[in-house]
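Structural characterization, general
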Amino acid sequence: MMRTWMKLGLKPRTYAQQKALWGFIYVLPWLLGFVFFFFIPLLSSLRYSLSSISANAQGMTIEFIGFANYLEALTVNTSFNRVLTESIVNMVVNVPIIVIFSLFLAVLLNQKFFGRAVARSIFFLPVILASGIIMTLESTSLIQAVNDQNAGSGALNALGSFELEYMMLEAGVSETVVNYLTGAVDRIYQIVSQSGVQILIFLAGIQTISPQLYEAAKMEGATGYEAFWKITFPMVSPLILVNVIYTIIDSFSRNALTDLIRETGFTQFNFGLSSAMAWIYFLAIAVILAISTYFISKRVFYYD
Amino acid sequence: MTLARLLSLESWKRWLWSFVRLTLIIGLSFVILYPILQKISTAIKDKKDLYSPIVVWIPEHYSWDNFMQVINIMDYWTTLGNTFALSSMTTVLTAASCALAGYGFARLKFKGSGILFAGVILTILVPPTTILIPIYLNLKDFTLMGIIPLLTGKPLNLLNTYWPFILTSLTANSLKAGLYIFIFRQFFRGIPKEVEEAAYIDGAGIGTTFARIMLPNAVPSIVTVTLFSFVWQWNDSFFTTTYLTSSKVMSTQLASLPHNLSVQLQDGVNSKADPFYLSMVQDTGILMAILPLIVIYLFVQRYFVESIERTGIVG
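All values reported here derive from a predicted model rather than from experimental measurement.

Some remarks on the overall build of chain B
Along chain B, the regular secondary structure elements total 14 helices and zero strands. Counting from the amino terminus, chain B carries its helices and strands in the arrangement α-α-α-α-α-α-α-α-α-α-α-α-α-α. When burial is assessed residue by residue, chain B has 39% of its 315 residues classed as buried. For chain B, long-range pairs separated by at least 24 residues make up 71% of all intrachain contacts whose partners lie at least 6 apart in sequence.

Here it is, written out as structure tokens:
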């Protein structure tokens, strides 16, 4: 290695310099993609959102019109405001439920019981099934809807609700939270199918907690609930932040606003308005992410 | 005496807990499996059983008719082949480029790599909708900074080809690639530095260290990323329906299945088609689209569930 460098007339590099060079080479493919498929499009999207775009024989003309598109989206467009608030409210309601639910299930799936392997593979199935087109089509399936009405899924939900309420009350959770959760029970399928990845993350986190902590707590006479609140919960609290962020991001792919933005862009060919909508959406998400990160990270416990 | 009573109370509580846990897990598993079971039951039903009040789960008349319809309308085997090729191609390329980038960010620090990693986080946070239109226009008239028009005289139209997928996955910017880079980075950060130094002292260059020592250690995270990437590409309707409008891949075929179906059944007059029957065939279509994934999952799930626990997601 050294000799080749000498032969080429280059001065031999230190290990650190070599590492830096190779680091840049390794990152280079991503960097190219980042510039061409992310950063430039992001800037052009910002430019489109501030312009009026019309297609003609020469191609496209882009004319700067300031914030007119933003004003149109917020004041003129009939459905944008409603869809935006709906998407955000849905997200804000769902995120805590999904995170709490997946933490609970992760704790459950971490315990030893008969058939654990089977249960785990069933619970991770939504990671595979509940995404993209299948979700969209499923929500329009007529047979599904009618069968849900007939086949007593009401009884099923009531059962789930009762057990959950019982569990949670026993685990020492306050009643408001329990009511909130049982309110979510009619959407149980939606919640379960969106928490696959989050369960995985929590489960992985729980398994990194050293067993000695639990042993020591048991010797001191801690009950299972105490062990959960004093050991498991603080130890996985950094992952709560990760999961909140993941859940928020995951909601991008399946909400009505995305459809509206696409439709404005590709059906009505109003690229300017569509970009403006997308930017408003992005800013709203950014604000929510910033607020939740701020509040959660103040309470997160880091074990170092 | 008191001890014995305490013990029995304890064991009673433990029994109660296992019972409740069992109920809960069976109940929730049922909620997850319910739509799949429902689809299977619908798919094997004959048209006659649709309105029969006595048929709830197990049909009275079995038939392969729904499957035949779906195979016919979706051009199933071609579609399956195309989707498989597309997904495996993007998966391999994405995993390779993301592993390189993840290792670069984790271990081979250079000036500015911190700022670039902030860029990775940014790609995770920005909704793909925001950049969809410029990317679409860019791919429609692909110029590669003005080089291609110089050579051929006109820009290339890359839409309706696999090139958008190849290019984005080769450069680690495909669907959710930021997440994969993050997973790999976290994992490589967890491997002790001493391993790397030992390899260097024994004469391995950085490329050799990566290929011969780091990658074999990274199998859990490779499995995770590969599975995620394959599945999400398979199911993705967002980019796929934008880039590929007329190619036969699963998600575009599924999206247009209801339309094609009513055209097929009613010779274009879709107002008279029985909506129940349409829905029945559509359910069969969904079932057949996810069937390959379920089969794959059955084979890799054990490995997947084990490996995710050793992956670096947790940091």
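Details of the nonpolar core
Core analysis: the biggest nonpolar cluster contains 128 residues, and C98, Y103, I181 and F184 of chain B have the highest contact counts within it. Considering every element that reaches this core, the biggest residue donor is helix α4 (residues 80-110) of chain A, with 14 residues. Contacts of Y103 of chain B, omitting those with residues within four sequence positions, involve Y26 of chain A together with L108, F184, F188, F210 and M214 of chain B.

Looking at the environment of A216 of chain A
Within the secondary structure layout, A216 of chain A lies in helix α13 (residues 211-219). The exposure class assigned to A216 of chain A is exposed, which follows from the 12 C-beta atoms found within 10 Å.

Quick notes on the domain arrangement of chain A
Residue and element names in this part refer to chain A. Splitting chain A by domain gives domain 1 (2-49) and domain 2 (69-299). With four residues of domain 1 in contact, the opposing surface of domain 2 contributes seven residues. Looking at side-chain class alone, the side of domain 1 that touches domain 2 contains two nonpolar, two polar and no charged residues.

Structural notes on the confidence of the model for chain B
All names here are of chain B. Model confidence for chain B is summarised by a mean pLDDT of 79, while 85% of its residues fall at 70 or above. The spread of mean pLDDT over the elements of chain B runs between helix α6 (residues 147-152), the lowest at 67, and helix α3 (residues 76-106), the highest at 90. For this predicted complex, the interface confidence reaches an ipTM of 0.79, while the overall pTM sits at 0.80.

Quick word on the interface of chain B and chain A
Between chain B and chain A, the residue contacts involve 77 residues of the former and 79 residues of the latter. With 15 residues, helix α1 (residues 2-43) of chain B is the single largest residue contributor to the side of chain B that touches chain A. Taken together, the residues that form the side of chain B that touches chain A break down as 47 nonpolar, 25 polar and five charged.

Comments concerning the environment of F113 of chain A
With respect to the helices and strands, F113 of chain A occurs in the loop between α4 and α5 (116-123). F113 of chain A sits in the partly exposed class, given 13 other C-beta atoms within 10 Å. F113 of chain A sits 118 residues away from I231 of chain A along the chain, and the two C-alpha atoms are 21 Å apart. Not counting the four nearest positions on each side in its chain, F113 of chain A is found in contact with S18 and R21 of chain B.

Notes on the packing of helix α3 (residues 68-76) of chain A against helix α16 (residues 271-299) of chain A
All names here are of chain A. With their axes 8 Å apart at the nearest point, α3 and α16 run at an angle of 75 degrees to one another. As summarised for this structure, α3 and α16 are arranged roughly perpendicular, according to the angle between their axes. Note on element contacts: α16 touches α3 through G272, L273, A276, M277 and I280, opposite N69, Y70, E72 and A73. Residue composition of the contact of α3 with α16, grouped by class: six nonpolar, two polar and one charged.

Let's talk about unusual backbone geometry
At A172 of chain B, a residue that is not glycine, the phi angle is positive and equals roughly 55 degrees. Note that A172 of chain B resides in the loop between α7 (163-170) and α8 (177-190).

Quick word on the confidence of the model for chain A
Residue and element names in this part refer to chain A. Across chain A, the average pLDDT comes to 77, with 74% of residues at 70 or higher. Of all helices and strands in chain A, the one with the weakest mean pLDDT is helix α1 (residues 2-7) (53), whereas α13 scores best (88). Residue range residues 151-160 is modelled with pLDDT below 50. Its contacts to residues more than four positions away, or to other chains, number 10 contacts.

Calculation rules
- Residues numbered from 1 in each chain as written.
- Chains lettered and ligands numbered in written order.
- Predicted model: local features only at pLDDT ≥ 70, side-chain atom pairs only at ≥ 80, totals over all residues.
- Helix = DSSP H or I, 4+ residues; strand = E, 2+ residues; numbered from the N terminus.
- Buried ≥ 20, exposed ≤ 12 C-beta atoms within 10 Å, placed from the backbone.
- Contact = placed C-beta atoms within 7 Å.
- Core = buried A, V, L, I, M, F, W, Y, C linked by C-beta atoms within 7 Å.
- Domains from an automatic or database assignment.
- Nonpolar A, V, L, I, M, F, W, Y, C, P; charged D, E, K, R; others polar.
- pLDDT = per-residue confidence, 0-100.
- Axes fitted to C-alpha atoms, helices over the stretch in contact; angles between N-to-C directions.
- Parallel < 35°, antiparallel > 145°, perpendicular 65-115°, else oblique.

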